[in-house]
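Geometric and topological summary
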Amino acid sequence: MKKYNFEWFSKTLKNGMKVLLVHKPQFSQSFFLLGIKAGGMDLCQKRGLDQLTYPSGCAHFLEHQMFRLYGQDVTDQFADLGAMTNAFTGLSETAYYFSTSSNPDKPLSLLMDFVQNLDIDEESVEKEKGIILSEYNMYQQNPETRLMKLVWNALYQTHPIRIDVLGNPEDIASMKVTDLETFYNDKYDPQNMVLVGVTGKEPCLLLKEIEQKQESYDKHFSQLTERVFLKEPDTVAKEIVEDRMDISIPYVALAVKLKPILDPLQAADMDFALQMSLDAWFSSLNPDFQSWMDQRILTTSFGAECEITSDHAYLMFYAQTKKTEEFFQIVEDVLYKMQTQAMDDLIFNSLKNKSYAQSLRTFDHFESFAIDLFQSEVQGVSYFELLDTIAAVKRDEVFKMVSKLDLSHQSRVYLKNYNEC
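The shown structure was predicted, so the numbers you read here are calculated from the model rather than taken from an experiment. (Residues numbered from 1 in each chain as written. Predicted model: local features only at pLDDT ≥ 70, side-chain atom pairs only at ≥ 80, totals over all residues. Heavy atoms only, no water.)

For the rest of this paragraph, the subject is the overall build of the protein chain. From N to C terminus, the protein chain includes 15 helices and 16 strands. Taken over the C-alpha atoms alone, the protein chain extends approximately 60 × 50 × 45 Å along its principal axes. Split into buried and exposed, the 421 residues of the protein chain put 52% on the buried side. Counting 41 positive and 62 negative side-chain charges, the protein chain places the centres of these two groups 4 Å from one another. (Helix = DSSP H or I, 4+ residues; strand = E, 2+ residues; numbered from the N terminus. Buried < 20%, exposed > 50% of the residue type's maximum accessible area, 1.4 Å probe, protein only. Lys, Arg positive; Asp, Glu negative; His and termini not counted. Charge placed at Lys NZ, Arg CZ, Asp CG, Glu CD.)

Enumeration over the complete set of coordinates arrives at 27 aromatic pairs. The interplanar angle of 50 degrees and the centroid separation of 6.3 Å between the aromatic rings of F88 and Y97 together place this pair among those described as tilted. Both residues of the pair, F88 and Y97, belong to the buried class. Aromatic rings pair up to connect F32, F67, F78, Y96, F98, F114, Y184 and Y188 into one cluster. The residue whose ring lies beneath R412 is F328, and the NZ or CZ to ring-centre distance is 4.5 Å. (Phe/Tyr/Trp six-rings, centres within 6.5 Å; stacked < 30°, edge-to-face > 60°. Lys NZ or Arg CZ within 6 Å of the ring centre and 35° of its normal.)

The geometry of helix α9 (residues 264-281) relative to helix α12 (residues 345-362) is characterised by a closest axis approach of 10 Å and an angle of 125 degrees between their N-to-C directions. Here α9 is positioned oblique relative to α12, judged by the angle of their axes. The handedness of the crossing between α9 and α12 comes out as right-handed. Along its contact with α9, which presents F272, M276, D279 and A280, the element α12 presents I347, F348, L351, K352 and S355. Residue composition of the contact of α9 with α12, grouped by class: six nonpolar, one polar and two charged. (Axes fitted to C-alpha atoms, helices over the stretch in contact; angles between N-to-C directions. Parallel < 35°, antiparallel > 145°, perpendicular 65-115°, else oblique. Left-handed = near helix turned anticlockwise from the far one by under 90°. Contact = heavy atoms within 4.5 Å. Nonpolar A, V, L, I, M, F, W, Y, C, P; charged D, E, K, R; others polar.)

Turning to the pairing of strand β14 (residues 302-308), a few remarks are in order. Of the pairings in the sheet, the one linking β14 to strand β15 (residues 313-320) comprises seven bridges and is antiparallel in character. Among the inter-strand pairings, F302 is bridged to a residue of β15, identified as A319. Here β14 folds back onto β15 in antiparallel fashion, the turn holding four residues. (Pairing = 2+ DSSP bridges.)

Okay, the nonpolar core next. In summary, soluble globular proteins display a tendency toward joint burial of nonpolar side chains. Counting residues in each nonpolar core, the largest one holds 67 residues, and the members touching the most others are L274, F317 and F327. Beyond its immediate chain neighbours, meaning those up to four positions away, F317 contacts V252, A253, L254, L278, F282, G303, A304, F327, V331, V334, L335 and M338. Judged by nonpolar contacts, the second largest core, of 43 residues, contains A83, Y96, F114 and V125. (Core = buried A, V, L, I, M, F, W, Y, C linked by side-chain atoms within 4.5 Å.)

Now for the sheet that holds strand β1 (residues 7-12). Strand pairing in a sheet is mediated by backbone hydrogen bonds. Such pairs are either parallel or antiparallel. Pairing within the open sheet is mixed, and its six strands lie in the order β1-β2-β10-β3-β9-β8. The sheet is open, and its two borders are formed by β1 and β8 (83-89), each paired with just one other strand. Adjacent strand axes in the sheet meet at a mean angle of 10 degrees, parallel and antiparallel pairs treated alike. Strand direction decides the pairing type here: strand β3 (residues 30-36) and strand β10 (residues 193-199), joined by seven bridges, are antiparallel.

Here the focus is unusual backbone geometry. Located in the positive-phi region is Y70, a residue other than glycine, with phi close to 55 degrees. Checked against the element boundaries, Y70 lands in the loop between β6 (68-69) and β7 (72-73). When its relative accessible area of 66% is taken as the criterion, Y70 is described as exposed. Despite not being glycine, R296 has its phi angle at roughly 65 degrees, a positive value. The class for R296 is exposed, based on a relative accessible area of 52%.

The next thing to look at is the packing of α9 against helix α14 (residues 383-392). Running from N to C, α9 and α14 point in directions that differ by 45 degrees, and their axes come no closer than 11 Å. Considering the angle they form, α9 stands oblique to α14. Relative to α14, the crossing made by α9 is right-handed. Here L265, A268, D269 and F272 of α9 lie close against α14, whose contacting residues are E385, L386, T389 and I390. Classifying every residue of the contact of α9 with α14 by side-chain character gives five nonpolar, one polar and two charged.

Given below as structure tokens:
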């Protein structure tokens, strides 16, 4: 299919794996990602009447363990093939990828082999525990990461977003080979995988090679598992949360718990509309912004973001500031204006054009493009449908969507230094 300045192809293979290939014939670079629709939130699962539970951090721990194949470190094997490899684990996804300026055939074959073969033992699992616990402790010392965790625990009472993707220290320390094997067999099913490639190589030939390779890897189950969520109340878990760490200036956040939106495309539309509204009212585009800076209510570290999905939704404002109560008053004023005043036409068009242009520029940044394509699949929408939404959105539609939100369920989070009252 061709709509932009490239062709892209989509096919679901016999074993259920989804393949997305973007052809960039003028580039020698290639980027391939093999992603699994499972991440830190996959703690409780069901398949029919059967229910499975996993230790927290299972997805992330497994990601660390996957870089072995037949007793060898695949990172070195990729390097020998002229490719660089890496991985990440999110709330809903895990991805393994490589980039190369050489022929992608051999590293692509290696990518599929090491992700679709589990090579772990007691010794490797025990060794990894210390590495991940050190990673956990390092992130605990990052104030912005700590603030985000406090926000999620303030907003949510039962949802697994409250639990760190890395897992709880107790679960990390007690992780067993059988935990990882069960999680792997359950979630690393080809039906639960998406292979994305952005490459200069001819895609029809690549697709044939991928199909031949995948003939060796059959689906694990006739039916995939689904996430199980306990009922999450509309109200927040805590209206006020305080914590302390060794920082010179406090961090604060005001977070609002919103209703999830079951339809993936509608959720994506709301996410875009809300983020556009946040950018319009809580940035230098707002005429009051310079006054906030002059009064030192806002300094160099501040922002506003949102996330709207089918199982959780929130928006938050955060800042590093000594004037915490003044910050909260600014945010309350911004929330009021977001729901009572449509943004200026010039600001709307500026934000819309900027967002669309950034998306188009991503096409030439292979890594970002491939990750965006994969994460759209995880969300259950087409990346190109999202682009069409950006291109077609109207100012009054954005205002109408945002004005109808229930913003009454709020939490205030304070991350103070040890000496502060």
